[in-house]
Amino acid sequence: PPSDANHLALFIPEPDNLTGTAATLNANSNGLLSRALSAQKFDGKPGSYAVIYGLQDIATVMVFGATTSSLTNVELHNLGGKIAKAVGTDLDGDKVVVHADTLKSDLTEISAHLAFGYQLQNYRFDKYQTKRTNNTGEVVFVSTNAQQSQDAYTNDLQYLAGGIYLTRDLASEPGKNIYPQAFVDRVNAQFKGVRDIDIDVLTLRDMKKRNMGALMGVGQGSIHDPRMLVIEYKGADKNEAPIVLAGKGITFDTGGISLKRNSGMWAMKSDLAGAAAVAGTVYAAAKRGEKVNLIGVMPLAENMPAEDAIRPGDVLNTMQGTTIEVISTDAEGRLVLADAVYYAQQEFKPKLLLNIATLTGSAARALSHEYAAVITRDWDLSLQMMKIGDKIGEAVWPLPLHENHFEQIKSDIADIKNSGAGNPGASIGAAVIGTFIDEKQPWVHLDIAGVDWYNSDTDTVPVGSSGWGVRFMDQLVRDMK
Ligand code: BES
Ligand code: ZN
Ligand code: MN
């Protein structure tokens, strides 16, 4: 082991049969490692963990159990996250060397995936804390195929982590600081100098010209005007139909005149998580130079109660030319998405149109943290989405879209209304959005209300904004391009 490391991390699947770096360390320490492991009853099972202090001048040796069978990318991400948890966020100039020589995987870039998981767990939104910990230091991952791992991390996974950080930053930021134009400014700064990117921002004037009454209606009670942010990444032939990702970007959701209750309202600062995930996904694809045409469409508005806010019972004109009766001003996500998905189809003729939104409490109650809801008009597409989610560790589960859900949103005075009489809420929300999408358009609706914010951590997500959707949509882009 390098002598300049203060800390070592090792994977020991079989403590009675040490191999690789662990065996070397054990031999050099006259069997001390082995004795320390058995004293701590370390069994090497996946999830087990022990720490040994002061072995051979190494401040800490962290040992992790692992399976002896082949690890998937997601399992490697989770192991990387476990290391980050063990190391903590107060590195204070120290150096950690992680030896992955005892891990098995069909993937050649083992340490790139470990580093990726480490980075995802290592995120903290601490800019508003006066006393921040000193987390500067060095973490080195050692495995075979070092060069391939280095390349995979620096040319690809690093940017995916960067996209997830961008998403979490945007979704964690207080509503006071992130309003529609502020979101645009942040994204502009992040994309500065990124190649093959065109950024277009629709202001109120452009929205008026296009009759985007639903998006404008939601934003009209706020002192901050709405925006529609469009990021085009041209990574493939210009004749190739793009994938379009449309993300709900409510920079704060008070509910509007249909005001939300007090408890938990603060969490509505992250009601832009869909838009933020879209920005993060396009960022990752563009930075690694994925050969795909990918477009992010982000309708941004703040939903406030005010004397000039829309009222329950108001009727809004949409870009489609149809009208929506506002039953609840708190069902605002579907309103901004109505204009956004219609615009996306008209403007870009996508081969796939995916929208992602913190749309309904109903989806969160049905599926909690384990799954985002996926709703489509095509069962095969839903199955395809489930496979993509499983592949990358952001799982989705289908909810239905039935003729009756469209029946429920018929209005007495307008073409449709924005909320039905009752259940199932997630499907009713999807039906409103679906009304603005051609039945032949391949369309995926993701409701992430239950997964965008974690109250307890997982291996790759610390408490707070999860950045859910960047990994999912990134995998989709890789598979569908
Ligand atoms: N942003 C909320 C949904 C939400 C709830 C997201 C909890 C994250 C956590 C959305 O705008 C909303 O208010 N939905 C209403 C819809 C209802 C009025 C038809 C809901 O789910 O209660
Ligand atoms: Zn909302
Ligand atoms: Mn709402």
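Residues numbered from 1 in each chain as written. Chains lettered and ligands numbered in written order. Predicted model: local features only at pLDDT ≥ 70, side-chain atom pairs only at ≥ 80, totals over all residues. Heavy atoms only, no water.

Using the criterion set out here, one finds 10 aromatic pairs in the structure. Centre to centre, the rings of Phe11 and Phe64 are 5.8 Å apart; their planes meet at 40°, and the pair counts as tilted. Taken together, the positions of Phe11 in strand E1 (residues 7-11) and Phe64 in strand E3 (residues 58-64) put the pair 53 residues apart, joining distant regions of the chain. The burial state of Phe11 is the same as that of Phe64; both residues are buried. Aromatic ring contacts, followed pair by pair, group Phe11, Tyr49 and Phe64 into a single cluster. (Phe/Tyr/Trp six-rings, centres within 6.5 Å; stacked < 30°, edge-to-face > 60°. Helix = DSSP H or I, 4+ residues; strand = E, 2+ residues; numbered from the N terminus. Buried < 20%, exposed > 50% of the residue type's maximum accessible area, 1.4 Å probe, protein only.)

A few words on the coordination of the zinc ion (ligand 2). Donor atoms from the polypeptide that bind the zinc ion (ligand 2) are Lys248 (NZ), Asp253 (OD), Asp271 (OD) and Glu332 (OE), placed at 2.0 to 2.4 Å. Coordination at the zinc ion (ligand 2) is octahedral: its 6 donor atoms span angles of 78 to 173° at the metal. Counting gaps between the donor residues of the zinc ion (ligand 2) yields the pattern K-x4-D-x17-D-x60-E. The distance between the zinc ion (ligand 2) and the manganese ion (ligand 3) comes to 3.1 Å, with Asp253 serving as a donor to both metals. (Donors = N, O, S within 2.8 Å, 3.2 Å for Na, K, Ca; no water. Tetrahedral: all angles 85-135°; square planar, octahedral: opposite > 155°, others 65-115°.)

Here the focus is the environment of Ile310. Its location among the elements puts Ile310 in the loop between strand E10 (293-303) and strand E11 (315-317). In sequence terms Ile310 and Pro242 are 68 residues apart; their C-alpha atoms lie 34 Å from each other. Once residues lying within four places of it in the same chain are set aside, the contact partners of Ile310 are Gly217, Val218, Gln220, Ile257, Leu316, Val326, Thr329 and Leu335. (Contact = heavy atoms within 4.5 Å.)

Looking at the manganese ion (ligand 3), the protein donor atoms are Asp253 (OD), Asp330 (O), Asp330 (OD) and Glu332 (OE), and they sit 2.1 to 2.2 Å from it. Look at where the donors of the manganese ion (ligand 3) fall in the sequence and you get D-x76-D-x1-E. Residue Asp330 is classed as partly exposed on the basis of its relative accessible area of 23%.

So, on to the site of ligand 1. Taken together, the neighbourhood of ligand 1 is formed by 16 residues, with Lys260, Asp271, Asp330, Glu332 and Gly361 sitting nearest. For ligand 1, an oxygen atom lies 2.9 Å from a polar atom in the side chain of Asp253. In isolation ligand 1 has 520 Å² of accessible area, and contact with the protein removes 73% of it. Residue composition of the shell around ligand 1, by class: 4 nonpolar, 5 polar and 7 charged. (Near = heavy atom within 4 Å. Polar contact = N/O pair within 3.5 Å; in protein donor to acceptor, adjacent residues only side chain to side chain. Areas by Shrake-Rupley, 256 points an atom, 1.4 Å probe, with all protein chains shown as cover. Nonpolar A, V, L, I, M, F, W, Y, C, P; charged D, E, K, R; others polar.)

This part takes up the sheet that holds strand E5 (residues 138-142). Spatial ordering of the open sheet is given by E2-E3-E1-E4-E5, a layout of 5 strands whose pairing is mixed. Two strands lie at the open edges of the sheet, namely strand E2 (49-55) and E5, each paired on one side alone. On average, each strand axis in the sheet is inclined to that of its neighbour by 20°, with strand direction left out of account. Sheet analysis places E1 next to E3, joined by 5 bridges and oriented parallel. Pairing of Leu10 across the sheet is with Val63, part of E3. Strand contacts of helix H4 (residues 110-121): E1 and E5, with the helix running at about 150° to E5, the strand carrying the most contacts. (Pairing = 2+ DSSP bridges. Axes fitted to C-alpha atoms, helices over the stretch in contact; angles between N-to-C directions.)

Checked against the element boundaries, Ser466 lands in the loop between strand E19 (464-465) and helix H15 (470-480). If we ignore the near neighbours within four places in the chain, the residues touching Ser466 are Ile164, Arg168, Val451, Asp452, Trp453, Tyr454 and Val461.

Where the residue is not glycine, phi is negative for most of them; where a peptide bond is considered, it is trans in most cases. Here the bond from Asn423 into Pro424 is cis, since omega is -10°, no more than 30 degrees from zero. With phi around 55°, Asn30 is a residue other than glycine that occupies positive phi space. Although it is not a glycine, Asn211 adopts a positive phi angle of roughly 60°. When you line up the elements, Asn211 lands in the loop between helix H7 (204-209) and helix H8 (213-219). Overall, Asn211 belongs to the partly exposed group, its relative accessible area being 48%.

Bringing the nonpolar core into the picture now. Of all hydrophobic cores here, the largest spans 84 residues; its most connected members are Leu103, Phe183, Trp468 and Phe472. The element that contributes the greatest number of residues to this core is helix H9 (residues 273-288), accounting for 11 residues. Apart from residues no more than four positions distant in its own chain, Phe183 is found in contact with Leu170, Ile178, Leu229, Leu272, Ala275, Ala276, Met298 and Leu300. Met207, Ala246, Ile416 and Ile437 belong to the second-largest nonpolar core, a separate cluster that totals 43 residues. (Core = buried A, V, L, I, M, F, W, Y, C linked by side-chain atoms within 4.5 Å.)

Any functional reading would require information that these geometric values do not contain.
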